[in-house]
Amino acid sequence: MPIRYRYALAATVAAAQLLSLAAVNAQSGEPFVPVTDEMLENPAPGDWLMWRRTANGWGYSPLDQITPENVGDLRMVWTRSLNDGSQTGTPLAYRSVMYMPNPNDVIQALDAATGDLIWEHRRKIPEDAKDYVGGFLSQNNRNIAIYANLIIDTSVDDHLFALDAETGKMVWETMVLDYRTHPALQGAGPIIGNGKAFSGRSCSPRGGPDACVITAHDALTGEEVWRRRTIPAPGEPGNETWGDVPFEKRVHVGSWMPPSYDPELNLVFAGTSVTAPAPKFMLGGTDETHLYHNSTLALDGDTGEIVWHYQHMNDHWDLDHPFERLIVDTAVAPDPDEVAWINPNIEPGEVRKVITGIPGKTALVYSIDRETGEFLWARPTVYQNVIQSIDGETGKATENPEVIFNALEEERLICPNMHGGKDWEAGAYSPETNTLYYPLRNMCMPTLTTTDPSASHPYYALSVRHELAPGTEDLGTVYAISAETGKTVWLHEQRASTTSLVATGGGLLFGGDTNGRFKAYSQETGEVLWEVNLGAPVTGYPITYAVDGTQYVAVSTGISATTSSFLRLTPELKPAFANNLFVFALEYPGP
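Residues numbered from 1 in each chain as written. Predicted model: local features only at pLDDT ≥ 70, side-chain atom pairs only at ≥ 80, totals over all residues. Heavy atoms only, no water.

Peer 1: What exactly am I supposed to notice about the overall build of the protein chain here?
Peer 2: Helices and strands together make up the secondary structure of the protein chain, namely 4 helices and 42 strands. What you see for the protein chain is a C-alpha radius of gyration of 22 Å, in line with the 25 Å of a compact globule of 591 residues. Dimensions of the protein chain along its principal axes, counting C-alpha atoms only, are 65 × 55 × 50 Å. Out of the 591 residues in the protein chain, the part that is buried amounts to 66%. (Helix = DSSP H or I, 4+ residues; strand = E, 2+ residues; numbered from the N terminus. Rg over C-alpha atoms; globule rule 2.2 N^0.38 Å. Buried < 20%, exposed > 50% of the residue type's maximum accessible area, 1.4 Å probe, protein only.)

See the structure below:
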């Protein structure tokens, strides 16, 4: 597909622009300092420059001014309303300025200490775009990126665009897909690695297989560097795994959350989703694996070639695996008392470069060698009945035959639910404790296979209801799990569904829930040390940053596509629904 620019920069102009940025005055009157790859890899402690702060996906800040001893003194220091729509945004914080993505392609630059507006950019969305790419979900604007003097984002109408970080004016814009012929949801923005903007997207069945792409663009100019289709075509590796399904019928293998990036290995780690329809008897057959759905892909950062892949499961139920991959170097010593599936060939205690965390809705924890894709270990967390076993030597999963669909009008109780287990709400990792922290939920779904167009999810050929997992009244959980041993360090359970987390060098874990509570937990014990009612579901990704020696914690509220499902299971909880940004500190810093 040819690349079209409304605002284009030649490479020579971009290079000259980068050199001249230091002379440009920022709003504060100080020279704007361009953001470099080195700064993204090793950000200043007070900055939050990426979706999970760093490309390794940790969601961790070394800031330690706020501690278990003084967190009770936290107070709100400013707040600001956000644009209407599905609100799951992540702020960026750089040198006293906060850049906040709002729903529907609105981006704001705010004074990070006071909340005062510096600029706002409202990108014009074609009137018919949402008719093609989807309704409520298309409003998502989960994250943005910063590089050089640019704020970079994906758009509702399937473009990638860059704004001047000081003025909010458009610098360049590149079409990724023609939304009328290859519609895709771009609810997640890019991350930056080695000068490239890496981004994925969900892909509508009507968009065909060519809508299911992960892309890399030059972060200075917007020029496309590569695109990787997540569905193989005839003649490509993996084509045989789709049986006799025609290429044009191979659809909906999306990569709809931001990837992770390892600059040392120059590998981009991205996860993928279920097919449409989901039950494999309706595609190539239940014995076919249909690559590369529900997989971890390790892509060459320069070419987009698949260096290795690991398929987590053959998914018949919409249990996607597109979530954050955590890049961690750790000793690998899985405890057989808590870890169900272990590679017998690993040397316990050996330090390995791993991809770890909970990549999918099944809420299984995985540890995989990130250089080779070798399976190391995996374990369940919340109740699940879809994975029967995983072969320790090969890492191949065997699905529970009792819940695999083989015909229309079959009904099964599937656990976890298509909203998780784990969903888009992000976990965190602390290098201080070598522990993974994850917001999960105890939720199942009675599921019927059907071609009824009025079904809850007709494109998956599924009709789904939501219910709590057997034996519990608590929907929400936070699991703390050792990255070395796989053991549960602590478990917090509560009635309301839990949402995204951030870990800090002060020994705290911040996170919210759908009842509007925002909390600080002890990383060591899980004890709730501080709590505030924000009035609306905490749907945004929290961050922490510093300005002039003061540490701040920021989080946003609103409504997401999954909020109503959770609240139906906890009807006594009645939060309001308002899109707002809240910022806290130990004391008000003054005007």
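Peer 1: Got a minute to help me understand the pairing of strand β8 (residues 150-154) in this structure?
Peer 2: Successive residues of a regular strand alternate their side chains across the two faces of the sheet. Counting buried positions along β8 yields 5 of 5 residues, so the element is predominantly enclosed. Burial of β8 is two-sided: the residues Leu 150, Ile 152 and Thr 154 facing one way and the residues Ile 151 and Asp 153 facing the other way are all buried. As paired strands, strand β7 (residues 145-147) and β8 are joined by 3 bridges and run antiparallel to one another. Paired with Ile 146 across the two strands is Ile 151, which belongs to β8. Adjacent in sequence and paired antiparallel, β7 and β8 are bridged by 2 residues, among which Ala 148 carries a positive phi angle near 55°. Sheet analysis places β8 next to strand β9 (residues 159-164), joined by 5 bridges and oriented antiparallel. Residue pairing for β9: Ile 152 is matched across the bridge by Ala 162. The turn linking β8 back onto β9 is made up of 4 residues, and Asp 158 within it adopts a positive phi angle of 65°. (Pairing = 2+ DSSP bridges.)

Peer 1: I tried to follow the sheet that holds strand β3 (residues 92-94) on my own but got confused; where do I start?
Peer 2: Neighbouring strands of a sheet are bound in pairs by backbone hydrogen bonds; such pairs are parallel or else antiparallel. Read across the sheet, 4 strands follow the order β3-β4-β5-β6 without closing on themselves; strand pairing throughout is antiparallel. Looking along the sheet, the strands with just one partner apiece sit at the ends: β3 and β6 (117-122). For this sheet, the mean inter-axis angle between neighbouring strands, taken without regard to orientation, is 15°. Looking at chain direction, strand β4 (residues 97-102) and strand β5 (residues 106-111) are connected through 6 bridges and run antiparallel. If you follow Tyr 99 over to β5, its bridge partner there is Ala 109. (Axes fitted to C-alpha atoms, helices over the stretch in contact; angles between N-to-C directions.)

Peer 1: What exactly am I supposed to notice about the state of the cysteines here?
Peer 2: Note: disulfide means a covalent bond formed between the sulfur atoms of two cysteine side chains. Taken as a whole and judged by the stated rule, the model has 2 disulfides. Sulfur-sulfur distance for the disulfide between Cys 203 and Cys 212 comes to 2.1 Å. Disulfide Cys 203 to Cys 212: torsion about the S-S bond roughly 100°, handedness right-handed. Take Cys 212: its relative accessible area is 1%, and that puts it in the buried class. Note on cysteine connectivity: Cys 415 is disulfide-linked to Cys 444, with sulfurs 2.1 Å apart. On the S-S bond that ties Cys 415 to Cys 444, the torsion sits near 115°, and the link is right-handed. One end of the pair, Cys 415, is in the loop between β28 (411-414) and β29 (428-430); the other, Cys 444, is in strand β31 (residues 443-449), with 29 residues separating them in the sequence. Side by side, Cys 415 and Cys 444 carry an identical accessibility label, which is buried. Here the bonded cysteines of the protein chain are numbered in sequence order, and their pairing is 1-2, 3-4. (Disulfide = S-S within 2.5 Å.)

Peer 1: Any chance you could explain the pattern of salt bridges here in plain terms?
Peer 2: Counted by the stated rule, this structure contains 29 salt bridges. Residues Asp 329 and Lys 353 are paired through a salt bridge, measuring 3.9 Å at the closest nitrogen-oxygen approach. With Asp 329 in strand β21 (residues 326-332) and Lys 353 in strand β23 (residues 350-357), this pair connects stretches of sequence that are 24 residues apart. What makes Asp 329 partly exposed here is its relative accessible area of 46%. Notably, a salt bridge pairs Arg 517 with Glu 531, separated by 3.8 Å at the nearest N-O pair. Residue Arg 517 is found in strand β38 (residues 517-522), and its partner Glu 531 is found in strand β39 (residues 528-533); the two are separated by 14 residues along the sequence. For Arg 517, a relative accessible area of 25% puts it in the partly exposed group. Taken together, the salt bridges that share partners define one network made up of Asp 262, Glu 264, Asp 329, Lys 353 and Arg 370. (Salt bridge = Lys/Arg side-chain N within 4 Å of Asp/Glu carboxyl O.)

Peer 1: Could you clarify how one ought to interpret the side chain of Arg 201 in this entry?
Peer 2: Within the element layout of this structure, Arg 201 appears in the loop between β13 (196-199) and β14 (202-203). There is no salt bridge for the buried Arg 201, and the closest opposite charge comes from Asp 158, which lies 5.4 Å off by N-O distance. Separated by 2.9 Å, the side chains of Arg 201 and Ser 199 make a polar contact. Among the polar contacts made by the side chain of Arg 201, one reaches the main-chain carbonyl oxygen of Val 213 at a distance of 2.9 Å. (Lys, Arg positive; Asp, Glu negative; His and termini not counted. Polar contact = N/O pair within 3.5 Å; in protein donor to acceptor, adjacent residues only side chain to side chain.)

Peer 1: What am I meant to see in the packing of aromatic side chains here?
Peer 2: Two numbers describe a pair of aromatic rings. These are the distance of the centres and the angle of the planes. Across all of its chains, the model carries 21 aromatic pairs by this definition. With a centroid separation of 5.6 Å and 90° between ring planes, the pair formed by Trp 256 and Phe 323 is classed as edge-to-face. Of this pair, Trp 256 sits in the loop between β16 (224-229) and β17 (260-262) while Phe 323 sits in the loop between β20 (306-311) and β21, placing them 67 residues apart in sequence. The same class applies to Trp 256 and to Phe 323, which are both buried. By the ring-pair criterion, three or more aromatic residues cluster together here, those being Phe 510, Phe 518, Trp 530 and Phe 584. (Phe/Tyr/Trp six-rings, centres within 6.5 Å; stacked < 30°, edge-to-face > 60°.)

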